[in-house]
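# Coordinate inspection notes
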Amino acid sequence: MERLQATSRKRKTYQVEIKHSLLWECALGIAAVTNRPLHHTLEKTAEDWQKMRERLSPGAAKALKDVEENNTWKTLLQLLHEDDFSTIEEFIWYIHELPEQQLKEIAIPFLGEEYERERERAARGDQTAIDVLKQASEGHLFIPRYIEYITSVDPIELKDHLTTVMQGWYEDIILKEADEVVPILEKDAAAKWEMVEILASEKLVEWATGGIEYLPEPGVHRVLLIPHTIYRPWNMEADLEGTKVFYYPVADESLEQGDPYKPSPSLIQRHKALGDEARLRIVKLLSERDQSLQELTERLEMGKTTVHHHLKLLRAAQIVQAKSGIYGLRTNVLETILHDLKAYIDG
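Described below are features of the structure shown in this document.

Reading guide: rules and limits
Residues numbered from 1 in each chain as written. Predicted model: local features only at pLDDT ≥ 70, side-chain atom pairs only at ≥ 80, totals over all residues. Heavy atoms only, no water. Helix = DSSP H or I, 4+ residues; strand = E, 2+ residues; numbered from the N terminus. Buried < 20%, exposed > 50% of the residue type's maximum accessible area, 1.4 Å probe, protein only. Contact = heavy atoms within 4.5 Å. Areas by Shrake-Rupley, 256 points an atom, 1.4 Å probe, with all protein chains shown as cover. Lys, Arg positive; Asp, Glu negative; His and termini not counted. Charge placed at Lys NZ, Arg CZ, Asp CG, Glu CD. Pairing = 2+ DSSP bridges. Axes fitted to C-alpha atoms, helices over the stretch in contact; angles between N-to-C directions. Arc of directions from axis to C-beta. Patch = residues over 30% accessible without salt bridge, like charges linked within 9 Å, V, L, I, M, F, W, Y side chains within 5 Å. Salt bridge = Lys/Arg side-chain N within 4 Å of Asp/Glu carboxyl O. Core = buried A, V, L, I, M, F, W, Y, C linked by side-chain atoms within 4.5 Å.

## Some thoughts on the overall build of the chain
Each helix and strand in the chain was counted, giving 17 helices and seven strands. Each principal axis of the C-alpha atoms in the chain carries an extent, and together these give about 70 × 55 × 35 Å. Every one of the 347 residues in the chain was classed for burial, and the buried ones make up 48%. Partitioning the contacts of the chain with sequence separation of at least 6, the portion at a separation of at least 24 is 63%. Counting every atom, the chain has about 18,500 Å² of accessible surface; 50% of that belongs to carbon and sulfur. Here the chain contributes 43 positive and 60 negative side-chain charges, whose respective centroids are spaced 6 Å apart.

## Concerning helix H4 (residues 73–80)
Of all eight residues in H4, eight are buried, a share of seventy percent or more. All of the buried residues in H4 are Trp 73, Lys 74, Thr 75, Leu 76, Leu 77, Gln 78, Leu 79 and Leu 80.

## Side note on the pairing of strand S1 (residues 15–18)
Burial along S1 is one-sided: Val 16 and Ile 18 are buried, while Gln 15 and Glu 17, pointing the other way, are not. As paired strands, S1 and strand S2 (residues 222–228) are joined by four bridges and run parallel to one another. The partner of Val 16 across the bridge, within S2, is Val 223.

## Thoughts on the sheet that holds strand S3 (residues 236–240)
One open sheet accounts for four strands, arranged S1-S2-S4-S3; its pairing is mixed. The sheet is open, and its two borders are formed by S1 and S3, each paired with just one other strand. Between one strand axis and the next, the sheet turns through 20° on average, direction left out of account. Docked against the sheet, helix H1 (residues 22–33) engages S2, S3 and strand S4 (243–249), running at close to 75° with respect to S2. Strands S1, S2 and S4 of the sheet are contacted by helix H10 (residues 155–196), whose axis makes an angle of about 160° with S1.

## Details of the sheet that holds strand S5 (residues 291–292)
Pairing in this open sheet of three strands is antiparallel, and the strands run S5-S7-S6 from one edge to the other. Two strands lie at the open edges of the sheet, namely S5 and strand S6 (320–323), each paired on one side alone. Where S6 and strand S7 (residues 326–329) come together, four bridges link them in antiparallel fashion. The residue bridging Ala 322 from the neighbouring strand is Tyr 327, located in S7.

## Topic: helix H5 (residues 88–97)
For H5, every residue scored as buried is listed here: Ile 88, Phe 91, Ile 92, Tyr 94 and Ile 95. Considered in projection along H5, the buried side chains sweep an arc of 155° and stay on one side of the axis. Of the exposed residues in H5, those oriented more than 90 degrees away from the buried face are Glu 89, Trp 93 and Glu 97. Packing partners of the buried residues in H5 comprise H1, H4, helix H6 (100–107) and H10.

## Re a negative patch on the surface
Side chains of Glu 100, Asp 154, Glu 157 and Asp 160 sit close together on the surface and give a patch of like negative charge. Locating Asp 160 in the fold gives a position in helix H10. Classification of Asp 160 as partly exposed rests on a relative accessible area of 39%.

## A closer look at the side chain of Asp 172
Within the fold, Asp 172 resides in helix H10. For the buried Asp 172, which has no salt bridge, the nearest side chain bearing the opposite charge is Lys 176, at an N-O separation of 4.7 Å. Aside from chain neighbours lying at most four places away, what touches Asp 172 is Arg 55, Leu 56 and Ser 57.

## Some remarks on the nonpolar core
Within the largest apolar cluster, 69 residues are counted, with the highest numbers of intra-cluster contacts made by Ile 30, Leu 79, Phe 91, Met 166, Trp 169 and Tyr 247. The dominant element in this core, judged by the number of residues it contributes, is H10, at twelve residues. Other than its neighbours up to four places away in sequence, Tyr 247 contacts Trp 24, Leu 28, Leu 77, His 81, Ile 226, His 228, Trp 234, Asn 235, Met 236, Glu 237 and Ala 238. Counting residues in hydrophobic clusters, the runner-up holds 19 residues, among them Ile 282, Leu 296, Ile 319 and Val 333.

## Details of the pattern of salt bridges
With the rule as written, the count across this model stands at 19 salt bridges. Ionic pairing is found between Asp 126 and Arg 121, a salt bridge with its closest N-O pair at 3.4 Å. A relative accessible area of 28% places Asp 126 in the partly exposed class. Here Glu 288 makes a salt bridge to Arg 299, at a shortest N to O gap of 3.8 Å. Taken together, the positions of Glu 288 in helix H14 (residues 277–288) and Arg 299 in helix H15 (residues 293–300) put the pair eleven residues apart, joining distant regions of the chain. Several salt bridges share partner residues, and in doing so they unite Arg 36, Arg 53 and Glu 68 into one network.

## Focus on the pairing of S2
In terms of burial, S2 is a largely internal element, seven of the seven residues being buried. Here S2 shows no split at all, with Arg 222, Leu 224, Ile 226 and His 228 on one side and Val 223, Leu 225 and Pro 227 on the other all buried. For S2 and S4, the ladder comprises seven bridges, and the chain directions are parallel. Each bridged residue has a counterpart across the sheet, and for Leu 225 the counterpart in S4 is Phe 246.

Written out as structure tokens, the structure reads:
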């Protein structure tokens with residue numbers, strides 16, 4: 001679709017930050033385990049999720065059912081953005097000490113600057129403001145019902161619920177996997193920080209998230225990238241005041257914590273994709289401009305089926321993308337191939 005720019009102002013970009021923590025992994029795990037319809041698409045199997053449920057204490061298991069009903073994993077994520085909490089004890093203490101109205105205001109999702117007054121009033125129980133926020137989020141899968149719940153629930157009950165489920169999942173699930181998960185999160189975050197100096201912000205977000213093209217938008221001056229292992233292969237997004245958040249799946253390379261001589265699957269796949277004369281010619285042709293299958297077939301003087309096969313391999317390696325039958329080069333992937341190879345050799 002063509003877009004007309006109604007302003008002469010130059011589009012500004014955003015700053016990228018990367019944060020990681022077992023607390024994020026904990027809240028995202030609670031979100032994942034309670035999203036049953038999505039389980040068949042996750043790397044962990046339905047059996048894996050059931051085994052984790054069975055490891056929970058009775059109190060935590062009951063709280064998890066309440067999360068499933070009211071989507072209070074969203075509240076946990078909202079609260080985690082309030083500070084850089086270093087321990088579960090620090091986070092639990094923060095929740096208990098939080099003034100009741102402030103707790104509800106933080107829990108209500110940010111819907112835009114124009115709704116900030118309604119957000120504050122809704123936290124005080126103003127029904128008109130609550131209705132405005134519900135209408136503003138109409139069509140979302142769960143946000144209107146979530147707003148209704150947050151604004152009506154007893155704050156003490158909410159605090160007890162949040163601390164029970166968070167502490168339970170952290171102690172029964174997260175701590176048992178911490179020795180394996182922490183190095184993965186650290187490795188992935190370090191790799192992304194290295195690329196902050198190499199890639200433009202938009203290219204970095206696209207690379208980190210595996211293909212999300214996030215263009216600068218009014219009011220957003222920061223993008224926060226938070227790696228996770230628990231919700232792979234999905235990205236999750238959230239909006240905060242002035243900030244766009246992407247909870248993104250760690251890269252395959254970050255999962256390789258054992259044999260330092262074993263290259264990652266994506267590194268192998270991309271070099272194999274480029275290790276062919278015809279595919280290298282396609283890459284060079286697409287570096288000049290986006291082209292259709294017919295155009296590439298004519299330029300290469302090859303059969304359409306053969307060219308399509310080469311394009312399929314390049315797409316699988318995320319070097320080429322296709323939109324409405326037009327093929328284009330993902331230049332950010334090419335820019336990172338050399339870095340990924342160097343990281344493998346130096347590692």
